[in-house]
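Take a look at the letters that make up each chain.
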Amino acid sequence: MKISYYGHACFGIEVGGKHLLIDPFITANPLAAKVDVDTLKADYILLTHGHGDHVMDAERIAKRTGAMIVSNYEIATWYESKGITNVHGMNHGGQRTFEFGTVKFVNAVHSSVLPDGTYGGNPGGFIIRGAERTVYVAGDTALTMDMKLIGDYENLDVAILPIGDNFTMGVSDAVICADFIRCNRVIGMHFDTFPPIEINHAEAVNTFAEGGKELILMEIGGSIEI
Ligand code: NI
Ligand code: MN
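Notes on the structure in this doc start here. What you see is a predicted model; the values in this text were computed from it and never measured.

**Some details on the side chain of His54**
So, step 1. Here His54 is to be found in helix 1 (residues 52-55).
So, step 2. In this structure the side chain of His54 is engaged in a polar contact, spanning 2.7 Å, whose partner is the side chain of Asp23.
So, step 3. Within the structure, His54 has its side chain in polar contact with the side chain of His190 (distance 3.5 Å).
So, step 4. Not counting residues within four places of it along the chain, the set of residues in contact with His54 comprises His8, Ala9, Asp23, Pro24, Phe25, Leu47, Thr48, His49, Asp140 and His190.

**Overview of the packing of helix 5 (residues 171-181) against helix 6 (residues 201-210)**
So, step 1. It is the contact of helix 5 with helix 6, at a shortest axis distance of 10 Å, that shows an interaxial angle of 30 degrees. Taken together, the axis directions place helix 5 and helix 6 in an arrangement best described as roughly parallel. The element helix 5 and its partner helix 6 pack so that their crossing is right-handed. Taken together, the residues of helix 6 that come into contact with helix 5 (itself represented by Val171, Ala174 and Val175) are Ala204, Thr207 and Phe208.
So, step 2. Residues belonging to the contact of helix 5 with helix 6 are distributed by class as follows: five nonpolar, one polar and no charged.

**Structural notes on the coordination of the nickel ion (ligand 1)**
So, step 1. Bound to the nickel ion (ligand 1) on the protein side are His49 (NE2), His51 (ND1), His110 (NE2) and Asp140 (OD), at distances that span 2.2 to 2.4 Å.
So, step 2. The coordination sphere of the nickel ion (ligand 1) comprises four donor atoms, whose angles at the metal cover 85 to 177 degrees; the geometry is irregular.
So, step 3. Spacing between the donor residues of the nickel ion (ligand 1) along their common chain follows H-x1-H-x58-H-x29-D.
So, step 4. A separation of 3.1 Å is found between the nickel ion (ligand 1) and the manganese ion (ligand 2), which are bridged by Asp140. A residue pair is termed long-range when its members are at least 10 positions apart, and His49 in the loop between strand 4 (44-46) and helix 1 and Asp140 in the loop between strand 10 (134-137) and helix 4 (146-153) qualify at 91 residues. Accessibility assignment for this pair places His49 and Asp140 in one class, buried.

**Section: the side chain of Glu154**
So, step 1. Counting through the fold element by element, Glu154 comes out in the loop between helix 4 and strand 11 (158-162).
So, step 2. A polar contact of 2.7 Å, which involves the side chain of Glu154, links it to the side chain of Arg129.

**Points about helix 2 (residues 58-65)**
So, step 1. Taken together, the buried positions of helix 2 are occupied by Ala58, Ile61 and Ala62. In a view along the axis of helix 2, the buried residues occupy a sector of 100 degrees, so they form one face of it.
So, step 2. Packed against the buried residues of helix 2 are strand 3 (18-22), strand 4, helix 1, strand 5 (68-72) and helix 3 (73-81).

**A look at the pattern of salt bridges**
So, step 1. Within the structure shown, the criterion is met by 10 salt bridges.
So, step 2. A salt bridge links Glu214 to Arg185, with the nearest nitrogen and oxygen atoms 3.3 Å apart. Of this pair, Glu214 sits in strand 13 (residues 214-216) while Arg185 sits in strand 12 (residues 185-189), placing them 29 residues apart in sequence.
So, step 3. On the accessibility criterion, Glu214 (38% relative accessible area) is partly exposed.
So, step 4. Taken together, the shared-partner salt bridges connect Glu59, Lys63 and Lys82 into one network.

**Here's the deal with the coordination of the manganese ion (ligand 2)**
So, step 1. Around the manganese ion (ligand 2), the protein contributes the donor atoms Asp53 (OD), His54 (NE2), Asp140 (OD) and His190 (NE2), which lie 2.1 to 2.2 Å from the metal centre.
So, step 2. Sequence spacing of the donor residues for the manganese ion (ligand 2), all on one chain, is D-H-x85-D-x49-H.
So, step 3. We classify Asp140 as buried; its relative accessible area is 2%.

Rules used in this analysis
- Residues numbered from 1 in each chain as written.
- Chains lettered and ligands numbered in written order.
- Predicted model: local features only at pLDDT ≥ 70, side-chain atom pairs only at ≥ 80, totals over all residues.
- Heavy atoms only, no water.
- Helix = DSSP H or I, 4+ residues; strand = E, 2+ residues; numbered from the N terminus.
- Polar contact = N/O pair within 3.5 Å; in protein donor to acceptor, adjacent residues only side chain to side chain.
- Contact = heavy atoms within 4.5 Å.
- Axes fitted to C-alpha atoms, helices over the stretch in contact; angles between N-to-C directions.
- Parallel < 35°, antiparallel > 145°, perpendicular 65-115°, else oblique.
- Left-handed = near helix turned anticlockwise from the far one by under 90°.
- Nonpolar A, V, L, I, M, F, W, Y, C, P; charged D, E, K, R; others polar.
- Donors = N, O, S within 2.8 Å, 3.2 Å for Na, K, Ca; no water.
- Tetrahedral: all angles 85-135°; square planar, octahedral: opposite > 155°, others 65-115°.
- Buried < 20%, exposed > 50% of the residue type's maximum accessible area, 1.4 Å probe, protein only.
- Arc of directions from axis to C-beta.
- Salt bridge = Lys/Arg side-chain N within 4 Å of Asp/Glu carboxyl O.

Read these as layout, nothing more, since geometry by itself doesn't imply function.
Next up, the structure:
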């Protein structure tokens, strides 16, 4: 499984020969200026919730690539109303097998409204299981006891967790989350994009290390193989 970072909460995941794109927010993110939204590959676009900093470029990429938009029912339906017919709606606790593996839509504690004010359903995260690797994409969320269920029942190789604080968990809660989900390898997201979520990278990495965990802060445009 190859994971690429496109800034903020946007990741590309290559699994089972397919390209998954999570929460594309590129054109309005100055930190991601070197990422070309019009050449990104996507077979599936997974959206955790309706906020602009997660869905901004989804329509543009879906219309160019024909990628299937996978999200909660309300967001999937909203894209259908915009003429994108290749959508798949889910809801919390539900799992679905796609060509590349399975996706489970799990709880997140946050809010969700679409850019035009349309109700965006409830926010969520995704557990993506390929043939060899499983990744948890938490989406924007607070630390919540529900994460313990993931630790009890999933065998995660890596977790993509928000660490920027203010709108989501901060670093110290993300370390507790890593305990809850029993995953010591964490990729940080949702930090530095806006002033309220700027973090000290060295401090964040140290806080994780003190908790016996690895925090990976990927370079925008960079990739890792897990
Ligand atoms: Ni949000
Ligand atoms: Mn956000």
